[in-house]
Amino acid sequence: MREAGLIDTLVELADTLTGDFDLIDFLHLLAGRCVELLDAEAAGVLLARPHGRLQVVASADEAPEVMELFQIQVEEGPGHEAWLTGVPVSHPDLAAGDTLWPRLREIAATAGYAAVYAVPMRLREENVGVLCLFKSAAGEPDQESVRAAKAMVDVATIGLLQARVVRQHEILVEQLQTALNSRVVIEQAKGFVAERLGVDVATAFDLLRGYARARGRRLTEVAGEVVTRSANVRDLTDGAGTTD
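Residues numbered from 1 in each chain as written. Predicted model: local features only at pLDDT ≥ 70, side-chain atom pairs only at ≥ 80, totals over all residues. Heavy atoms only, no water.

> I tried to follow the sheet that holds strand S1 (residues 42–48) on my own but got confused; where do I start?
Note on sheets: strands pair through backbone hydrogen bonds, and any given pair is parallel or antiparallel. Read from one edge of the open sheet, 5 strands run S2-S1-S5-S4-S3, paired in antiparallel fashion. Edge positions in the sheet fall to strand S2 (54–59) and strand S3 (89–91), since each has one partner strand and no second. Averaged over all neighbouring strand pairs, the angle between strand axes comes to 20°, with direction disregarded. For S1 and strand S5 (residues 126–135), the ladder comprises 6 bridges, and the chain directions are antiparallel. Counted as the bridge partner of Gly44 is Cys132 from S5. Contacts between helix H4 (residues 78–85) and the sheet are confined to S1, S2, S3, strand S4 (115–123) and S5, with S5 contributing the most and set at about 150° to the helix. (Pairing = 2+ DSSP bridges. Helix = DSSP H or I, 4+ residues; strand = E, 2+ residues; numbered from the N terminus. Axes fitted to C-alpha atoms, helices over the stretch in contact; angles between N-to-C directions. Contact = heavy atoms within 4.5 Å.)

Quick look at the structure:
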């Protein structure tokens, strides 16, 4: 039954990546399936911010004490260690007196959890976050759960990185399109200025650029005003037509 559920979950995670990708829904799906299929009663996903700090983004349980457990992982605990080292970290008995994380032990005991297992969301050198699993009974997670968690985390990590690449590509395409659109407006403005003032297009461009720079404005904005006739072309020659 667990194997069939895992297969269905991997397919579901992969399907979620297509179309309109909803990151938060995707990560909540991952956390929820971990609780359903694995040797764990609580699951949470923490992602790394651009400047290197974890942030809790999804949990299978939104109860305050559970969210506090995951929030602690931002600065200390197995989740933080797994993210820093890039390898899974397990603490099979949080009640043990020699635990490294007394704060975590206290909150976990209050919430009814005795053990934690953290899996880094890592692909090659790219480390994007961590999945934390809490158990109500002390002990290491069974190996089947470990393998299943790794499989789901790998799919999720690939999905996150793919979404990042797609978004970066979309931003680049948007920037390129904006540049192309701006160039069209500038070319139109150059032609209009050249015709109205009886100068060549190179001089027309210098006038447009000099006027914009002298007033701390964007060249595209000034060109657009010229094209829409909302700016007086004669104003371009009022001592501002210099690019120096």
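Moving on from the model shown.
> Please clarify how the packing of aromatic side chains should be interpreted in this entry.
Each aromatic ring pair is specified by the distance between its two centres and by the angle formed by the two planes. Taken as a whole, this structure holds 2 aromatic pairs when the rule is applied. Judged by centre distance (5.6 Å) and plane angle (70°), the ring pair of Phe70 and Phe134 falls under edge-to-face. Of this pair, Phe70 sits in helix H3 (residues 64–72) while Phe134 sits in strand S5; the two residues are 64 residues apart in sequence, bridging distant segments of the chain. The same class applies to Phe70 and to Phe134, which are both buried. (Phe/Tyr/Trp six-rings, centres within 6.5 Å; stacked < 30°, edge-to-face > 60°. Buried < 20%, exposed > 50% of the residue type's maximum accessible area, 1.4 Å probe, protein only.)

> Looking at this structure, I do not really get the pattern of salt bridges. What am I missing?
Oppositely charged side chains may form a pair once their charged atoms are brought near each other. Applying the stated criterion across every chain yields a total of 7 salt bridges. For Arg217, the salt bridge identified is with Glu221, shortest N-O distance 3.1 Å. It is possible to trace a salt-bridge network through shared partners that takes in Arg217, Glu221 and Glu225. (Salt bridge = Lys/Arg side-chain N within 4 Å of Asp/Glu carboxyl O.)

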